[in-house]
Amino acid sequence: MKKVFNIGDFRLCQKGVCNANMDGRDIVCVMPTGGGKSLTYQLPALLTPGCTLVISPLISLMTDQILHLKESGVEAVMLTGGTPRHLLNEIQQRLTSMASSRAHGHQGRDIKLCYVTPEKIAKSKTFMSLLRKLVEGGKLARIVIDEAHCASQMGHDFRPDYKKLSILRQFFPHVPILALSATCPPRVLQDILKILKMKPVIDGKAAPPDGTVYFSAPLYRKNLHYTVLPKPSSAKELIVTMSDYILQNHRNDSGIIYCLTRKDAESVAESIQAVSNGRIKTGVYHANVEDEQKERLHMQWREGKVQVVCATIAFGLGIDKGNVRFVLHHTVLLAISQKSLDGYYQESGRAGRDGQDADCVLYYRPQDATRQASITCSDQDGMVKLHDILRFAQDMQECRKILFARYFSESSDLSMASWTTNESDAMDRCGHCDNCTRLPANVEHKDATIEAWQILKILEAVEGSGGRLTISGLSDLARGLGGGSFETGGGGKRRKAKEKIQIDYDSVAGGKVRLSKDDMESLIVQMLVLRYLEETFSSTAYTVNVYVAPGNQALRLTRFAREDIVNGGGSRIQCSFRRHGRKVKSKKAGINGQSPNMLDLQESTTAGPSRIRKPA
Ligand code: ADP
Ligand code: MG
């Protein structure tokens, strides 16, 4: 380990996984991104005769590994659909002669590691028969399946070719399998085991001699500093905000900006470079970018010629760059286009793989919920995911680490213990996320039971008269905007004309709701999350419109409000509202020396870069 990889000590569960490999066991190893999963098969590969086959989803990832390995003098090759014919022949020749060689132990030019894409297994008969020869010659040491969650449709990176890896166990029942992943909630784990035809993992018991051994390392990474920042309403302002953030906090650091759509990624890349006067060099990555260009981008990013990659979630697997100092989310939306907070955890987790401090910033505004809702409405599960991430984004009190811990233990059925080393650790505040460092002046936690009740009553009145409202329509009407009138739907069987109806605030809800636009929208999203309201959908030929309706908890709200009014307050619905307090010196000692609160402040002040001091 020291001589070849220049690594002094094992990390996390590396030692156990290496030992189980040496014992020829089937293994599942779940370790966070950057934990060091590669070593768990590369070291055993060098210590055992024969070749270790590694299945990996991305060419860039393999290229990188091969580069590292070759630098360390390890015989490693890769085979993909794009491998030139002459190289393919040469590698196949070498593997064939390895297979037929009688010698055991180390041969000078033996291929120790052979990386392939899953479609090689799924589609290449030649390669499969070559593998068979290796197995018959006793020269296939083990099969490693990297990013094994790609096999499961329940995971967030499903790849159909991974599903076909089942033939490996079928054809080569005696070759040990090592499945690696950074993200593997129990149901995904069960699915993977089934697909790969591995024996089940028996929780809490020693695996029987031929059973699968399961290793996991805590997912929580304390070098990641999580912050949710208010997202300006105009796209242009957001670009300026992000560009300022980068220039002030990560002037020379590499980072990623995740965007919802390909178009967003392109326009964000272009405008960030423009508003920063070329000081921030950006690149674009999404599914439609040519492979060649993707490779070039990876290279330029690694070399620092591109500072920030603006990408869709297609940019993920295979980012083998340790010093990513920040990951910004342009919107809360993309995080759930896949798997809710799990997805957000994965995406933001591409930061700080080298173990050094890194920032994860989520730009959030409640109105975004509407856009996402129209995307996820077809999917029952989608709304649950949406609410999970909204709950996370709305929360201005609870530590982000605890929010993740709760999410992983409840929604993804991962145990608390897999989040941190033990359950009590999981519930300790991290002390460095935005909610742990937020200054009291920057947030107001307020009982909003009455306001919530008023909103509900106004909505019910509108529904009662045949109207319907979007989130922002409800927000405006409840605040008394637009003259306090709304339109009914019109149409219907009797072709009724649309009608404008005036709302009588006093009799419906005891008055208008006295909240600012931002506060109002926060409260409405809070009500959606708590099911006092719910989304309804109406599709036209072109779009899906999202409206709000009373939710299944609406009756409870009416009761709470009555109790509150009668009994003088019971504080049932708590809502946190962002406030711009006065500037107070920050206590946080992160890499940027600038606490999230200071960022809040900047948005309300004209503080320029010169006012931000780097820590000593
Ligand atoms: P993963 O695949 O789990 O995301 P990698 O295997 O790519 O992580 O390793 C991430 C980084 O950590 C690599 O640069 C690797 O060299 C380094 N690394 C792995 N194990 C150790 C260790 N025990 N000590 C120090 N660095 C390590
Ligand atoms: Mg890896």
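Residues numbered from 1 in each chain as written. Chains lettered and ligands numbered in written order. Predicted model: local features only at pLDDT ≥ 70, side-chain atom pairs only at ≥ 80, totals over all residues. Heavy atoms only, no water.

### What about the overall build of the protein?
Note the threshold: Helix numbers and strand numbers start at the N terminus; a helix is a DSSP run of H or I with at least 4 residues, a strand a run of E with at least 2. Burial classification: accessible surface area is computed with a 1.4 Å probe over protein chains only, and a residue below 20% of its type maximum counts as buried, one above 50% as exposed, and the rest as partly exposed. In this analysis, two residues are considered to be in contact whenever any of their non-hydrogen atoms come within 4.5 Å of each other. Throughout, the Shrake-Rupley method with a 1.4 Å probe supplies accessible areas, and for residues the shown protein chains are the sole cover considered.
Along the protein, the regular secondary structure elements total 27 helices and 19 strands. Burial status across the protein gives 55% buried among its 616 residues. Within the protein, contacts between residues at least 6 apart in sequence are counted, and of these 73% link residues at least 24 apart. Entry remark: accessible area of the protein is about 27,300 Å², with carbon and sulfur atoms responsible for 50%.

### Description of the site of ligand 1
Defined as follows: Residue proximity to a molecule or strand is established when one non-hydrogen atom of the residue lies within 4 Å of it. Residues adjacent in sequence count toward polar contacts only when both atoms are side-chain atoms; beyond that, a polar contact is any pair of N or O atoms within 3.5 Å, and within protein one must be able to donate a hydrogen and the other to accept it.
In the region of ligand 1, 14 residues are neighbours, and Asp 9, Gly 34, Lys 37, Ser 38 and Arg 353 sit closest. With respect to ligand 1, the side chain of Ser 38 contributes an N or O atom lying 2.6 Å from an oxygen atom. Notes on ligand 1: free accessible area 570 Å², of which the protein chains cover 70%.

### Looking at the pattern of salt bridges
Using the following cut-off: We count a salt bridge whenever a side-chain nitrogen from Lys or Arg sits within 4 Å of a carboxyl oxygen from Asp or Glu.
On inspection of all chains with the given rule, the structure shows 21 salt bridges. Taking the shortest distance from any N to any O, the salt bridge between Asp 291 and Lys 294 comes out at 3.8 Å. Here Lys 294 and Asp 291 lie together in helix H13 (residues 291-302), a separation of three residues that amounts to about one turn. Note on Asp 291: relative accessible area 55%, which makes it exposed. Note that Lys 305 is salt-bridged to Glu 303, the shortest N-O span being 3.0 Å. A relative accessible area of 55% places Lys 305 in the exposed class. One connected set of salt bridges, linked through shared partners, spans Lys 123, Asp 161 and Lys 164.

### Side note on the sheet that holds strand E9 (residues 254-258)
Applicable threshold: Two strands are counted as paired when DSSP detects at least two bridges linking them. Fitting a line to C-alpha atoms yields each axis, with helices limited to the stretch in contact; the angle taken between N-to-C directions then spans 0 to 180 degrees.
If you walk across this open sheet you meet the six strands as E8-E13-E12-E9-E11-E10, and the pairing is parallel. Looking along the sheet, the strands with just one partner apiece sit at the ends: strand E8 (224-230) and strand E10 (282-285). Averaged over all pairs of adjacent strands, the angle between strand axes in this sheet comes to 20°, irrespective of strand direction. As paired strands, E8 and strand E13 (residues 358-364) are joined by seven bridges and run parallel to one another. Within E13, the position partnered with Leu 224 by the bridge is Ala 358. Packed onto the sheet, helix H12 (residues 262-275) meets E9, E10 and strand E11 (308-311) and runs at close to 175° relative to E10.

### With respect to the nonpolar core
The tendency in soluble globular proteins is for nonpolar side chains to be buried side by side. Short version of the rule: We define the nonpolar core as a collection of buried residues of types Ala, Val, Leu, Ile, Met, Phe, Trp, Tyr and Cys that are connected through side-chain atoms lying within 4.5 Å of one another.
Within the largest apolar cluster, 43 residues are counted, with the highest numbers of intra-cluster contacts made by Leu 53, Ile 55, Cys 114, Ile 121, Leu 131, Ile 143 and Ile 145. Once residues lying within four places of it in the same chain are set aside, the contact partners of Leu 131 are Leu 53, Ile 121, Leu 140, Leu 168 and Phe 172. Counting 40 residues, the second largest nonpolar core, distinct from the first, contains Tyr 226, Tyr 258, Leu 386 and Val 529.

### Brief notes about unusual backbone geometry
Negative phi values dominate among residues other than glycine, just as trans dominates among peptide bonds. With a phi close to 45°, Leu 12 is a non-glycine residue in the positive phi region. Look at Arg 531: it is not a glycine, yet its phi comes out positive at around 65°. By secondary structure assignment, the location of Arg 531 is in the loop between helix H25 (517-529) and strand E17 (533-539). The class for Arg 531 is partly exposed, based on a relative accessible area of 25%.

### Side note on the sheet that holds strand E6 (residues 177-181)
Strand-to-strand pairing in sheets goes through backbone hydrogen bonds, with the strands running parallel or antiparallel. Reading across from one edge, E3-E4-E2-E5-E6-E1-E7 is the order of the seven strands in this open sheet, with parallel pairing throughout. Of all strands in the sheet, those with a lone pairing partner are strand E3 (76-79) and strand E7 (212-216), marking the two edges. Neighbouring strand axes in the sheet, compared pairwise and without regard to direction, differ in orientation by 20° on average. Relative to E6, strand E5 (residues 140-145) runs parallel, the two sharing three bridges. Paired with Val 144 across the strands is Leu 178, a residue of E6. Lying over the sheet, helix H5 (residues 85-100) contacts strand E2 (51-55), E3 and strand E4 (113-116), oriented at roughly 120° with respect to E3.

### Quick notes on helix H23 (residues 471-478)
Listing the buried residues of H23 in full gives Ile 471, Leu 474, Ser 475, Leu 477 and Ala 478. Following H23 by one or two positions, Gly 480 adopts a phi angle in the positive range, close to 90°.

### Describing the environment of Lys 512
Checked against the element boundaries, Lys 512 lands in the loop between helix H24 (505-509) and H25. In the structure, Lys 512 is positioned 34 residues away from Ala 478 in sequence and 5.9 Å away in space, judged by C-alpha atoms. Beyond its immediate chain neighbours, meaning those up to four positions away, Lys 512 contacts Gln 454, Ala 478, Arg 479, Gly 480 and Tyr 505.

### Observations regarding the state of the cysteines
As a reminder of what qualifies: When the sulfur atoms of two cysteines come within 2.5 Å, that pair is taken as a disulfide.
Considering all chains together, one arrives at zero disulfides under this definition. For Cys 430, which is in no disulfide, the shortest distance to another cysteine sulfur is to Cys 399 and amounts to 3.6 Å. Take Cys 430: its relative accessible area is 17%, and that puts it in the buried class. Among the cysteines around Cys 575, which has no disulfide bond, Cys 433 carries the closest sulfur, lying 18 Å off.

### Topic: the packing of aromatic side chains
Here is the rule we go by: Stacked, edge-to-face and tilted labels apply to pairs of Phe, Tyr and Trp rings (six-membered ring for Trp) whose centres lie within 6.5 Å, assigned for plane angles under 30 degrees, over 60, and everything in between, in that order.
For the structure on display, the rule yields ten aromatic pairs. Aromatic pair Trp 301 and Phe 315: ring centres 5.4 Å apart, planes at 65°, arrangement edge-to-face. Separated by 14 residues along the polypeptide, Trp 301 in helix H13 and Phe 315 in the loop between E11 and strand E12 (324-329) bring together distant segments of the chain. Residue class for Phe 315 comes out buried when judged on its relative accessible area of 2%. Seen from their ring centres, Tyr 345 and Phe 404 are 5.5 Å apart, and the 70° between their planes marks the pair as edge-to-face.

### Brief notes about the confidence of the model for the protein
Inclusion rule: Per-residue confidence from the predictor is reported as pLDDT, a score between 0 and 100.
Averaged over the protein, the pLDDT score is 84; the fraction of residues at 70 or greater is 84%. Across the protein, E2 holds the top mean pLDDT of 98, while helix H27 (residues 596-604) sits lowest at 37. Here residues 582-616 is modelled with pLDDT under 50, and outside its nearest four sequence neighbours on either side it reaches 72 contacts, counting other chains as well. For this predicted complex, the interface confidence score (ipTM) comes to 0.99, while the overall pTM stands at 0.73.

### Thoughts on the environment of Phe 5
Locating Phe 5 in the fold gives a position in helix H1 (residues 2-5). Measuring from C-alpha to C-alpha, the distance between Phe 5 and Cys 29 comes to 20 Å, with 24 residues separating the pair along the chain. Setting aside residues up to four positions removed in sequence, Phe 5 forms contacts with Leu 39, Gln 42, Leu 43, Leu 46 and Leu 69.

### Remarks on the environment of Leu 43
Note that Leu 43 resides in helix H3 (residues 39-47). Each C-alpha atom, one on Leu 43 and one on Met 1, is 6.6 Å from the other, the two residues being 42 residues apart in sequence.

### Considering the packing of helix H22 (residues 449-464) against H23
Keep this limit in mind: We call two directions roughly parallel when the angle between them is under 35 degrees, roughly antiparallel when it is over 145, roughly perpendicular when it lies between 65 and 115, and oblique otherwise. Charged residues are taken to be Asp, Glu, Lys and Arg, nonpolar residues to be Ala, Val, Leu, Ile, Met, Phe, Trp, Tyr, Cys and Pro, and polar residues to be all remaining types, Gly included.
Two elements in contact, H22 and H23, have axes whose closest approach is 10 Å; the angle formed by their N-to-C orientations is 110°. Taken together, the axis directions place H22 and H23 in an arrangement best described as roughly perpendicular. Taken together, the residues of H23 that come into contact with H22 (itself represented by Ile 455, Ile 458, Leu 459 and Val 462) are Leu 474, Leu 477 and Ala 478. For the contact of H22 with H23, a count of residues per class yields seven nonpolar, no polar and no charged.

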